[in-house]
Every structure is written in C-alpha cells, then in structure tokens.
Amino acid sequence: MRRLDQLLSSLGYCSRREAMAFVKEGRVKLDGAVVKRSDQRVDSALITVDDQPLEAPEGLLAMLHKPVGYACTHSADEGPNIYELLPAHWPDRNPAVTSVGRLDKDTSGLLLVTDLGSLVHRFTSPKSEVEKTYLVEVDRELEAALVEVFAKGDLMLRSEEKPCLPAKLEIVSTKTARLTITEGRYHQVRRMFASQGWHVEKLHRERFGPYELSDLAEGEWRMLSVEQAAKQER
Ligand code: URA
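Residues numbered from 1 in each chain as written. Predicted model: local features only at pLDDT ≥ 70, side-chain atom pairs only at ≥ 80, totals over all residues. Heavy atoms only, no water.

Participant: Go over the pairing of strand 10 (residues 132–138) with me, naming the residues and quoting the values.
Facilitator: Here strand 10 lies mainly inside the structure; five of its seven residues are buried. Pairing analysis gives six bridges linking strand 10 to strand 12 (residues 176–181), with the strands arranged antiparallel. Bridge assignment links L135 to a residue of strand 12, and that residue is R178. (Buried < 20%, exposed > 50% of the residue type's maximum accessible area, 1.4 Å probe, protein only. Helix = DSSP H or I, 4+ residues; strand = E, 2+ residues; numbered from the N terminus. Pairing = 2+ DSSP bridges.)

Encoded structure:
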C-alpha cells in the first residue's frame, strides 16, 4: 500500500501537490468510490483516474519501432529523440522510462523501453547473452568467408581487449545480410563489418531476445507484459 499522492507522482500523472487537486475534483476513485484524501494509503490495483485504471503501476515495458534520425537520449540537444515518440509523461515516472541499451541515431528497429532497472540489467548484462538480430545493408558485395570470420569468436575490434563472441551471419542477398550477436558493444555491428572492409549503409534491428517487431509500424510503440518478461528464459 502506498500513499496516493506518491503513487500518482511516481507514475508521472502529476506532482504530489497536483494530486490534491485531482482528489478535490473527484477524478480519483478507489474501488469505484471517490477518494477524499491524497495522503491516503491505497492499493494501486484498485485506483482509477478519470475512470481509467492506473497505467502499469508495477512497472512498464514497451517496444518502440525506432525510425532512423532519433537519438536514444533524454537530452534535447541532440536533435529528435526517441522520447518524443512515446507518451510525454513516461520520462516523468520515477524511476523514469529509459531505453534498454541504445541504437545509433542512424539505426532503425526494435528498441525496448522500461522503468524497471531489474529488466534493464537482465536484458543488457553480458552474462545474459541476449540474442539481437540485425538486417544489414553494406556498400559492396558480401563474401561467404565472412560467415566463418564472425562465427569463430576471435574477431578483435580496434581498441578492445577481448574478441567478439561468436556471431551468426546469414547472407541474404549480394549486399544484405542478417547478423545475430549476443553482446552490445559500442557500434558493434558497424565496427565488425568495418574491421573486414565493409561499410554498413543501413542497419535495422529485427529482434531483441524473444521480441520481434512483427507488424509494428515505424515510429509506433506497444506495451509488453512485465510478468512474461520476468519469467522469460535467458
Ligand atoms: N550495432 C551498431 O553498430 N549500431 C547499433 O545501433 C546497434 C548495433
């Protein structure tokens, strides 16, 4: 049980002071009855605001189909950012909604966002070895020998101390391939190709662990089940 004003402010609805106004205006109900005090302790599952159940009171997980040109940052200085594509109150939740790892500004595709630190850790910890699949378009004809180069597990990237873990490359067409990696190093896919003399012209993440974009349109997001994510095998 949590204080109503704390609960509403932590979910990004309003400040604790504004919660008093919400209550005065009769917008908040507990099990269908109008709440009288904003400092009352309540069960979040029974609260409604404007007759709508609270949004993800136990934590939020969603996937975004990130378009090219949006940065994974809360800063307003780097041009458009992914939070402009998500509900405006999500960064006001406490903890704030943040991306699970990052995609480069020039990369499109599946990005998870959450306010649950445990999920961020679980999905980004090197130990978890979560598979991420990218569709890659390069500047010149691919060679079959690259499959083995990426699979061997001894590919060293410049200024790194450890080789990349084995990665699965599937050549799709002359200049297009699918690459599955289990790490999340800085610019990893672009650097892996660059180390072998290919320039990545287009990069799109199709899959992150068990999640796929399926029919989610570019720039759109959808909620995912936190319960299922917590149960998922690594
Ligand atoms: N690898 C990259 O080079 N960029 C990304 O955005 C993701 C993986």
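Participant: I'd like to hear about the sheet that holds strand 5 (residues 47–49), residue by residue, with values.
Facilitator: The antiparallel open sheet is built from four strands, whose spatial order is 3-2-5-6. Bordering the open sheet on either side are strand 3 (33–34) and strand 6 (52–53), each of which pairs with just one other strand. Pairing geometry for strand 2 (residues 28–30) and strand 3, over two bridges, is antiparallel. Directly across from L30, in strand 3, lies its bridge partner A33.

Participant: Break down the site of the ligand for me, citing the residues and quoting the values.
Facilitator: Around the ligand lies a shell formed by L103, D104, T107, Y134, H187, Q188, V189, R190 and L203. In this structure, a nitrogen atom belonging to the ligand sits 2.7 Å away from a side-chain N or O atom of D104. One of the backbone nitrogen or oxygen atoms of H187 is found 3.2 Å away from an oxygen atom of the ligand. Here the ligand loses 95% of its free accessible area of 240 Å² to cover by the protein chains. When atoms are counted within 2 Å of each cavity's grid points, the one that captures over half of the ligand is the largest pocket. For the shell around the ligand, the element with the most residues is helix 5 (residues 188–195), which contributes three residues. Residue classes in the shell around the ligand are distributed as four nonpolar, three polar and two charged. A domain-level breakdown of the shell around the ligand finds at least three residues from each of domain 2 (61–125 + 211–231) and domain 3 (131–208). (Near = heavy atom within 4 Å. Polar contact = N/O pair within 3.5 Å; in protein donor to acceptor, adjacent residues only side chain to side chain. Areas by Shrake-Rupley, 256 points an atom, 1.4 Å probe, with all protein chains shown as cover. 1 Å grid on protein atoms, 1.4 Å probe; cavity = no way out; pocket = protein on both sides within 12 Å on 5 of 7 lines; lining within 4 Å. Sits in = over half its atoms within 2 Å of the grid points. Nonpolar A, V, L, I, M, F, W, Y, C, P; charged D, E, K, R; others polar. Domains from an automatic or database assignment.)

All quantities given are derived from atomic positions and should not be read as evidence of function.
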